[in-house]
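Architecture at a glance
Each chain, written out:
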Amino acid sequence: MKRNLLLSTLLLASASMAAQGFDGSFDEPWETCYPDGKTAVGTQPKGWMASSVCKNFIITITEELVAPDTDRMEEVNGHSVKMWNNYVGMFGIGATAPGYITLGTSWAYGDVTNVGKPEDTSDGGSYGGIEFTSRPDSLVFYAKRTHAQEAPANGSFNSKEKAMAIFYSWTGTTSSKVITGMSNAPVEIDMIDREKDILGMPTGSEVTGDAKLVASVEYPIEGDIENWTRQSVAIDYKSDGNPEKMNIIFSASDYFNRSELGTGNALYVDDVQLVYNSRLKSLVVDGKEVNGFSDGVFDYQLPADLQGKDIVATAFGKDATVETVTEGNVTTITVKDETAMGEKVNTYTLTFKGVSAEIQLPVEIPALTYGDEVDGLGFISNNTKDALAYSFSKEGVLEVGEDGKVRAVGAGEVVVTASQPGSDDFTPAESEPMTLTVAKAPLNVSLADDAWTWRGIAVSTSNMDKGKCHYTFVYDGWKWNDAEKDASEVLSKLPTVSASAPKDAEAVGSERAAKLSGGAAENYDLKFAEDAKFKVVKNKVGVYVKYGSNTLSTAYDDEKISYGKRCCGTRRIYLHDRLF
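Notes on the structure in this doc start here. (Residues numbered from 1 in each chain as written. Predicted model: local features only at pLDDT ≥ 70, side-chain atom pairs only at ≥ 80, totals over all residues. Heavy atoms only, no water.)

Observations concerning the nonpolar core
Among the nonpolar cores identified, the biggest contains 41 residues, and Leu377, Leu398, Val416, Leu447, Tyr524 and Phe534 are the most heavily contacted of them. For this core, the secondary structure elements donating two or more residues are β37 (406-408), β38 (412-420), β40 (434-439), β41 (441-447), α4 (487-490), β45 (491-498), β47 (515-521) and β48 (524-528). The biggest single contributor to this core is β41, with 4 residues. For Tyr524, the contacting residues outside a window of four places in its chain are Tyr370, Lys440, Ala441, Leu443, Gly477, Trp478, Lys479, Asp482 and Val490. The next biggest cluster of nonpolar side chains, apart from the first, holds 36 residues, and it includes Leu139, Ala143, Ile225 and Ala252. (Core = buried A, V, L, I, M, F, W, Y, C linked by side-chain atoms within 4.5 Å. Buried < 20%, exposed > 50% of the residue type's maximum accessible area, 1.4 Å probe, protein only. Helix = DSSP H or I, 4+ residues; strand = E, 2+ residues; numbered from the N terminus. Contact = heavy atoms within 4.5 Å.)

Quick word on the sheet that holds strand β30 (residues 345-352)
Strands belonging to one sheet form pairs held by backbone hydrogen bonds; the direction of such a pair is parallel or antiparallel. Here we have 4 strands laid out as an open sheet, ordered β26-β30-β29-β28, and mixed in their pairing. Only two strands of the sheet have a single partner each, and these edge strands are β26 (299-302) and β28 (321-327). Across the sheet, the mean angle from the axis of one strand to that of its neighbour is 20°, orientation sign disregarded. (Pairing = 2+ DSSP bridges. Axes fitted to C-alpha atoms, helices over the stretch in contact; angles between N-to-C directions.)

Notes on the environment of Pro421
Take Pro421: it is sitting in the loop between β38 and β39 (429-430). A sequence separation of 33 residues divides Pro421 from Leu388, and the C-alpha atoms of the two residues are 8.4 Å apart. Residues within four places of Pro421 in sequence aside, it is in contact with Asp386, Ala387, Thr427 and Pro428.

Concerning the packing of aromatic side chains
Given two aromatic rings, one states the distance between the centres and the angle between the planes to describe the pair. One pass over the structure, following the stated rule, counts 18 aromatic pairs. On the numbers, 4.8 Å between centres and 80° between planes, the contact of Tyr255 with Phe256 is edge-to-face. Tyr255 gets classed as buried once you look at its relative accessible area, which sits at 10%. Centre to centre, the rings of Tyr471 and Phe473 are 5.7 Å apart; their planes meet at 75°, and the pair counts as edge-to-face. Phe473 gets classed as partly exposed once you look at its relative accessible area, which sits at 21%. (Phe/Tyr/Trp six-rings, centres within 6.5 Å; stacked < 30°, edge-to-face > 60°.)

Quick look at the side chain of Asn85
On the secondary structure map, Asn85 appears in the loop between β7 (79-84) and β8 (86-90). Judged by its relative accessible area of 0%, Asn85 is buried. At 3.1 Å, the side chain of Asn85 and the backbone nitrogen of Gly99 are in polar contact. Among the polar contacts made by the side chain of Asn85, one reaches the main-chain carbonyl oxygen of Ala252 at a distance of 3.4 Å. (Polar contact = N/O pair within 3.5 Å; in protein donor to acceptor, adjacent residues only side chain to side chain.)

Structural notes on the environment of Glu338
Along the chain, Glu338 turns up in the loop between β29 (330-336) and β30. Taking the relative accessible area as the measure of exposure, Glu338 reaches 60% and is therefore exposed. Spatially, the C-alpha atom of Glu338 lies 8.0 Å from that of Asp319, the residues being 19 residues apart in sequence.

Structure (structure tokens):
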């Protein structure tokens, strides 16, 4: 779900994300999924990995199992995540693969020989996770669930299959040897922090390491759920210490039971949140909820004119107490819950000072091209004292230099948000997001003046390697430091040149028209010269004279060879300056 925009307080999406360590809104720009590390198969939420498939069996087989879907609140720029089970295979050999997402790394192994048989050893799952040192009380998310109602043409059918939500946290590390890939080309790896190893499930492999499970929950999602429904799952703690790592898995399948897989069964998830009972669930000032409030952000600056207005602070925990104390222009809210599994006390501070700052979107979205450098992006604020800061939805498109100028360092689309910090005069402010597209820069491509070709010879790379023609491309329009690099480092595909030999004879010194084409680049739009030409030069031929058992050889430019009459057992050779 797309987060609410700020009106009077600066709560960046990154702050909320940092508070729990991951983006559970699924609204950040989705990233390309590379199941095998190099082959693109669909997309996945930022910070998560999808279980989409890429396997090599005779040919490469790919199957997308995760995709963005409509936001729970139907925000235009928001997303939920859809995952589904689907048949993967070819030539009648295949099986249903589970659709899931994980904060760790997904993996899979396909037993081609025994697929669908009782002795099938196909496997898969997740390993690793993220750094995490907190003790949340529950995992909360919204879900929808659907089941296929008819048996598919290929794959297994199960209209009663459970979906799963799994959370676990731990300290230390485990390692075990696991076979991945396909049975026709298996790859054994040392898998670090495999989920089954952390959870103490038998795998048949030796597990080494010092990992200790801190908390876990395996929550089944049963039946069909037509509308978005809030799910709240209490986390079960196994020890009193804080964890070092954590993983969350959402699966359209009965995750640990492959025999229950059902083709076409789908799970939709949105707004995933770790809840702490000793934190605030909502914060209302003067009858209005503080837009963009996040339970993991503890300091706020509000306009001075709101001081003294009613404050209603509601905690997550049913046994939590909330105490509000005001001194001067600062209000402190203390939340306590002795029954909480982790944090027992949290404190929020509201500072009332300054007037409400507002940042408006530009009147027109800036038209930028790769290589541009501008003083600003046109956002307008009533706070003219403090400089605007910019945040970008992804790297490699825009960046801010040390001089404060915005540089277009890559072509593509990026979401920009402008913000200002709080001060004695103004509250913090953040703009609505603006989608901006940086266009490719034009790159003029021509031939160097010294391009030449032999008479009657077609221009090609092979003929250039043989010394029968020569050319180099000239590029005009490089940006940033691209001019210092070899063209092959900047262009994903080099341009080509064609100049076929005419049917009629060519004169030395004449010019032959050439056509430039092809080429591709991430940041450039190639523009080809229409007047490219090759100078026609003399051909070189090899000549040798054989006398007795000896040979005399040399090369002549543009010489016609003819043979004279035999004389005294010797044949004379004449060289004529004529065209072939």
